[in-house]
Amino acid sequence: MENERKPDVKMIEWTLAANRKRGVDLNALFLDFDGVINVFYEPGTKAYEEKVKRSVDKFDFAEKYCIEHLNQLSRDFNLHVIISSSWRFGKLKGCIKYLVDEGMDKKVNVFDTTQIEVFQSRQLDIEEYLLSHPVYSNYVILDDMEMPALKDHLVQTDPTKGWDDAADQKVRAILKKR
């Protein structure tokens, strides 16, 4: 992916600004699972041992506080949740079921996934999504991966903490920025 083109950030920003000028208030949240919703504690810690115990019968690395942040953000903002996680290859329905099983409010608008045809960088997936869906006034990306071209809209989480209070404050600051 070294020779992969860079996202067209200027066109995305122009579209967002034009939508805001027209009074559009619709935000996109690009959501990763692993390292954001699913927290991976350091082996040997008490939190890790508790998580392993809870996960004996089923894969259960989602943290309730991360899901609650998603629920509250959806109540506070007009939001489309777009799954950008590699979990999207398991299809949208499976992602929604996992989130609901972990405590997501069914009123949360899990709207779509980024493309599922080819594997490319998440930066490009998100750019392509925003350019092909020019309906948003703002967006935020919650991921534990770096995305230098989209850094102004990225909240990069620590995979051993996930979507904690500090990350939540950053998400809200981006969504409030106009």
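The coordinates are above.
Residue positions are given per chain, counted from 1 along the sequence in the order it is written. Note on the predicted model: pLDDT of at least 70 is required for a residue's local features to be given, and 80 or more for side-chain atom pairs to be given and counted; whole-chain, interface and lining totals, by contrast, use all residues. Excluded from the side-chain calculations are hydrogens and water; all other atoms, namely the structure's heavy atoms, are used.

Colleague: What's the story with empty space enclosed by the protein in this structure? I'm lost.
Modeller: Unfilled space is identified by rolling a water-sized probe across the atoms. Here a cavity denotes grid points, spaced 1 Å and computed from the protein atoms alone, that fit a 1.4 Å probe unable to get out, and a pocket denotes an open set having protein on both sides within 12 Å along at least 5 of 7 lines; residues with an atom within 4 Å of a point are the lining. Grid points are joined across faces, edges and corners, and a volume is the space filled by probe spheres set on the points. Counting across every chain of the model gives one cavity of 30 Å³ or more. As a volume, the largest cavity reaches approximately 40 Å³. Surrounding the largest cavity, Ile12, Thr15, Leu16, Asn19, Leu130, His133, Pro134, Val135 and Tyr136 form its lining. In terms of residue count, helix 1 (residues 9-21) provides more of the lining of the largest cavity than any other element does, four residues in total. Class assignment for the residues of the lining of the largest cavity results in six nonpolar, three polar and no charged. The numbering of helices and of strands both runs from the N terminus, where a helix is a DSSP run of H or I of at least 4 residues and a strand a run of E of at least 2. Each residue receives one of three labels: charged for Asp, Glu, Lys and Arg, nonpolar for Ala, Val, Leu, Ile, Met, Phe, Trp, Tyr, Cys and Pro, and polar for the others, Gly being one of them.

Colleague: So what exactly am I meant to see when it comes to the pairing of strand 4 (residues 138-143) here?
Modeller: As a general feature of sheets, a regular strand has side chains that alternate between the two faces. The element strand 4 is extensively covered by neighbouring structure, given that six of its six residues are classed as buried. Buried means the residue's accessible area, taken with a 1.4 Å probe over protein chains only, is under 20% of the maximum for its type, while exposed means over 50%, and partly exposed covers the values in between. Across the two faces of strand 4 the burial is the same, with Asn138, Val140 and Leu142 and Tyr139, Ile141 and Asp143 all buried. Relative to strand 4, strand 1 (residues 27-31) runs parallel, the two sharing five bridges. By the bridge assignment for strand 4, alanine 28 is matched with tyrosine 139. By definition, two strands form a pair when at least two bridges between them are found by DSSP. Bridging between strand 4 and strand 5 (residues 154-156) involves three bridges; their strand directions are parallel. Bridging across to strand 5, isoleucine 141 finds its partner in leucine 154.

Colleague: Would you explain helix 5 (residues 122-132) in this entry?
Modeller: Given 3.6 residues per helical turn, the α-helix brings residues three or four places apart onto the same face. For helix 5, the tally of buried residues reaches eight of eleven residues, placing the bulk of the element in the interior. Within the span of helix 5, buried status applies to Arg122, Gln123, Leu124, Asp125, Ile126, Glu127, Tyr129 and Leu130. Contacts between residues were defined by any pair of non-hydrogen atoms, one from each residue, lying within 4.5 Å. Structurally, helix 5 contributes buried residues whose contacts are with helix 1, strand 1, strand 2 (79-83), strand 3 (110-113) and strand 4.

Colleague: In this structure, what is going on with the packing of aromatic side chains? I would like to understand it.
Modeller: The geometry of an aromatic ring pair is captured by the separation of the ring centres together with the interplanar angle, meaning the angle of the planes. Aromatic contacts are taken between Phe, Tyr and Trp rings whose centres are within 6.5 Å, Trp giving its six-membered ring; a plane angle under 30 degrees counts as stacked, one over 60 as edge-to-face, and the others as tilted. Counted under the stated rule, the structure contains three aromatic pairs. Considering the side-chain rings of phenylalanine 30 and tyrosine 129, the 5.7 Å spacing of their centres and the 80° angle between planes classify their relative orientation as edge-to-face. In this pair, phenylalanine 30 sits in strand 1 while tyrosine 129 sits in helix 5, placing the two residues 99 residues apart along the sequence. No difference in accessibility class separates phenylalanine 30 from tyrosine 129, as the two residues are buried. With 6.2 Å between their ring centres and 85° between their planes, phenylalanine 30 and tyrosine 139 make a pair best called edge-to-face. Taken together, the positions of phenylalanine 30 in strand 1 and tyrosine 139 in strand 4 put the pair 109 residues apart, joining distant regions of the chain. Through successive ring pairs, a cluster of aromatic residues spans Phe30, Tyr129 and Tyr139.

This is a description of form; function is not addressed.
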